Amino acid sequence: MLRPALCLAAAMTVCACGSSTSGTAPSGGSSSGSGKPPLVAVAESRAGTHYRQEITSPVTGDSVVFEVFEPTQLEVGKTYPLVLQSHGYGGTRMTEASGFAQRLLDEGYYVISIDERGFGESGGTVRVMDPDYEGQNLIAVLDWAENLEGLRRRDNNEMVVGSYGGSYGGMYQMLLYMADPKHRLRVLAPDITPHDLTYSLDSHNVIKSGYAVALSAGGESPTVVLDALTGLDPTPLQGYLQRPGPRQDALVLETLIQGALTNQFPDAGFNAFKYHSVAYFCDGQQPGPQNFLVATPDTFLVAPVPPPAADVLVTQGFRDTLFNFNDGLGNYECLKALGGDVRLLTHQTGHILPVSLTSIPGAEDALDPFFAAVTVPNFQDAGGSRSCGSLDLDEVTHAWFQEKLQNQAGAVDAVLKSGSRVCLSLGEGDAVAVNQVKRGGTAFEIDASTPQLSGALSIIGSVLGNAFREQLLANQTLMTVPAGGAVIAGVPTLAIDMQGLSGAEMATCATAPLSLGCDPILYFAIGHRKAGTERWDVIDDQITPVRGFGVHTLEMNGIAERLAEGDELALLIYGFHAQYPVTWSRDLLVPALNLTGTVALPLLAPGEIAQNGV
């Protein structure tokens, strides 16, 4: 359990040049073009180049390395906006421009690609977008860029700058936007980006260990950290933190090791990751203390104050099982409330765990009859493309920059057919647009006549076929889709009560140490079975864990799918699921429990769909 837990952190795995046109000014009240003159004008017309740049961050003392790509052609008298780019977790900066980045250069943008702290050639350790460390280094990059030749400036004399990237490459954008005291970054395009890392990594107090197992070849050495934690020998840890390549900070390693040992996210790590989250700035609440055994705690250099309005194109994957749709929705709602031009579009990819047999072409149909007798262990099915219906999200991002940074009026509307509505991807080439994301909806009572398995016994229950699971009420059919079909899209909700099988059992749990049991964990999903088939498909592979006895009212992971006439929907209940292979209940006292309550599904009425087919 130690080695997989260490690797959980690895999951944290646009057209005209010049400034002669007019368009929509970015949020912040100052035009993105024809503003103040650049601090350094273009001295002579010449072809652009690119070069490695290394600076020292004045706050952290870290070396920060990034690649500077000049516009393909620099001309005297013209100005150019800057676009930042950075990599996903475990990646490094671009050293050669191609594809999207080259398109930007050809159309008159500077591009700076950054090695984040602890990755590539940049110094320091990976603290996972810590405002005190990664945040200060990113601010230093912007400070350096102020003197780029011909860098365009707004009417308020701040630089014109945008950003893009996905996953960790989305996190840096949000951090820089919120931590920079000048708030210079006002045009963002983050993809598959978390809102609250304590939710993303420790969903409803259950650690997402599937990503740890899937990435357990990350090369971490648990013994050096374990020795440091126990006081046996801290010296090897220092050597590890100084080695070449990605270097996770002791803050990350200590959190994950303790999580593996105790099956719970430690308080110190929880409070640290809360500080490292967008939610810290949106909620405006100071997290608790970081009482680490070995790691250096944060000093909270940045206050939990919401930033000014910005123009943000939020894109998120419905099939993403690390940073799910709810993360994107959280970012969208927070940023929208600040008053900027904020859009939310979804797609069919993201962080995808290793796929299963059912992802092999033709395998699902061939295996279908066997699902009556056995459930094939399944991380999740394969992901799809980065599009929302007919919308190519790369093209939308390009148009976003053209309008917000190059003042090309109407560029966004020309490609974004859903307008300001939320685009919900239902599958490849299929989407609907809604004015508001639906939470809850049509309520269904959960059948409580048979107890649900928890703990070790539930591992056996997880591989039973539909015939057995239906008898155990682990598969509970909720409805058959009527004529004309249906659309389920939004955030289902649960209102449940988990109790022991008897009063005596609950009395025992009241006095027993938590390490022995009395700590049930169940996993919930919405299943879709196509008419005439046997297999229940977990919609978008989204699994929602619930932990502990008592009443729970919560939002399940968001889902979206078009349903055909005769299809069925079900509530699927597991005591064990492959997405959480290490962090299931270690309960020795409660092998089963009583479950009562309701589940509410976001089935969209015709009037709730503003645009059917995008």
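Let us look at the structure shown here.

**A few points about the overall build of the protein chain**
No. 1: For the protein chain, the helix and strand inventory stands at 18 helices and 29 strands.
No. 2: Counting every atom, the protein chain has about 21400 Å² of accessible surface; 55% of that belongs to carbon and sulfur.

**Quick word on unusual backbone geometry**
No. 1: We note that His204 has phi near 50 degrees; this positive angle belongs to a residue other than glycine.
No. 2: Within the secondary structure, His204 is located in the loop between β9 (202-203) and β10 (206-207).
No. 3: A positive phi is found at Asn205, a non-glycine position, where the angle reads about 70 degrees.

**Let's talk about helix α4 (residues 168-179)**
No. 1: Helix length check: α4 (12 residues) gives 16 Å between terminal C-alpha atoms against 16 Å at 1.5 Å per residue, within 8%.
No. 2: Counted residue by residue, α4 has 12 buried out of 12 residues, so it is predominantly covered.
No. 3: Every buried residue belonging to α4 is among Tyr168, Gly169, Gly170, Met171, Tyr172, Gln173, Met174, Leu175, Leu176, Tyr177, Met178 and Ala179, and all of these are buried.

**Section: the packing of helix α9 (residues 250-262) against helix α10 (residues 267-275)**
No. 1: Packing of α9 against α10 leaves a shortest axis separation of 9 Å and a crossing angle of 135 degrees. Overall, the two elements α9 and α10 adopt an arrangement that is oblique. α10 is crossed by α9, and the crossing has left-handed handedness. Residues Leu251, Val252 and Thr255 of α9 form the contact with α10, whose own contacting residues are Gly269, Ala272 and Phe273.

**Brief notes about the nonpolar core**
No. 1: In this structure, Leu82, Ile112 and Val128 are the most contacted members of the largest nonpolar core, which totals 82 residues.
No. 2: Considering every element that reaches this core, the biggest residue donor is α4, with nine residues.
No. 3: With residues up to four places along the chain from it excluded, the contact list for Ile112 reads Phe66, Glu67, Val68, Leu82, Val83, Leu84, Gln85, Val141, Trp144, Ala145 and Leu148.
No. 4: Core analysis: the second largest hydrophobic core is formed by 28 residues, Leu105, Val111, Phe401 and Val412 among them.

**Thoughts on the pattern of salt bridges**
For side chains bearing opposite charge, pairing can occur when the charged atoms are close.
No. 1: Evaluation of the coordinates by the stated rule reveals 36 salt bridges.
No. 2: Asp180 is the partner of Arg184 in a salt bridge, and the nearest nitrogen-oxygen pair spans 2.9 Å. Considered together, Arg184 and Asp180 belong to a single accessibility category, that of buried residues.
No. 3: Note that Arg319 and Asp541 form a salt bridge whose closest N and O atoms lie 2.6 Å from each other. Of this pair, Arg319 sits in the loop between β11 (311-317) and α12 (325-337) while Asp541 is found in the loop between β23 (537-538) and β24 (544-547), placing the two residues 222 residues apart along the sequence.
No. 4: The exposure class assigned to Arg319 is buried, which follows from its relative accessible area of 11%.

**Description of the packing of aromatic side chains**
Two descriptors summarise a pair of aromatic rings, namely the distance from one centre to the other and the angle between the planes of the rings.
No. 1: Following the criterion strictly, the structure yields 14 aromatic pairs and no others.
No. 2: The interplanar angle of 75 degrees and the centroid separation of 5.5 Å between the aromatic rings of Phe119 and Tyr168 together place this pair among those described as edge-to-face. Note that Phe119 is positioned in the loop between β6 (110-114) and α3 (134-145) and Tyr168 in helix α4, a separation of 49 residues in sequence.
No. 3: Accessibility expressed as a relative area gives 0% for Tyr168, which makes it buried.
No. 4: Ring centres of Tyr523 and Tyr580 lie 5.0 Å apart, and the angle between their planes is 35 degrees; this geometry places the pair in the tilted category. In this pair, Tyr523 is assigned in strand β22 (residues 521-529) and Tyr580 in the loop between β27 (568-574) and β28 (592-601), connecting sequence segments 57 residues apart. Both residues of the pair, Tyr523 and Tyr580, belong to the buried class.
No. 5: One aromatic cluster is present, built from ring pairs that chain together Tyr275, Tyr280, Phe281 and Phe300.
No. 6: Positioned above the aromatic ring of Trp400 is the side chain of Lys404, whose terminal nitrogen or guanidinium carbon lies 4.9 Å from the ring centre.

Rules behind the numbers
Residues numbered from 1 in each chain as written. Predicted model: local features only at pLDDT ≥ 70, side-chain atom pairs only at ≥ 80, totals over all residues. Heavy atoms only, no water. Helix = DSSP H or I, 4+ residues; strand = E, 2+ residues; numbered from the N terminus. Areas by Shrake-Rupley, 256 points an atom, 1.4 Å probe, with all protein chains shown as cover. Expected span 1.5 Å × (residues − 1). Buried < 20%, exposed > 50% of the residue type's maximum accessible area, 1.4 Å probe, protein only. Axes fitted to C-alpha atoms, helices over the stretch in contact; angles between N-to-C directions. Parallel < 35°, antiparallel > 145°, perpendicular 65-115°, else oblique. Left-handed = near helix turned anticlockwise from the far one by under 90°. Contact = heavy atoms within 4.5 Å. Core = buried A, V, L, I, M, F, W, Y, C linked by side-chain atoms within 4.5 Å. Salt bridge = Lys/Arg side-chain N within 4 Å of Asp/Glu carboxyl O. Phe/Tyr/Trp six-rings, centres within 6.5 Å; stacked < 30°, edge-to-face > 60°. Lys NZ or Arg CZ within 6 Å of the ring centre and 35° of its normal.

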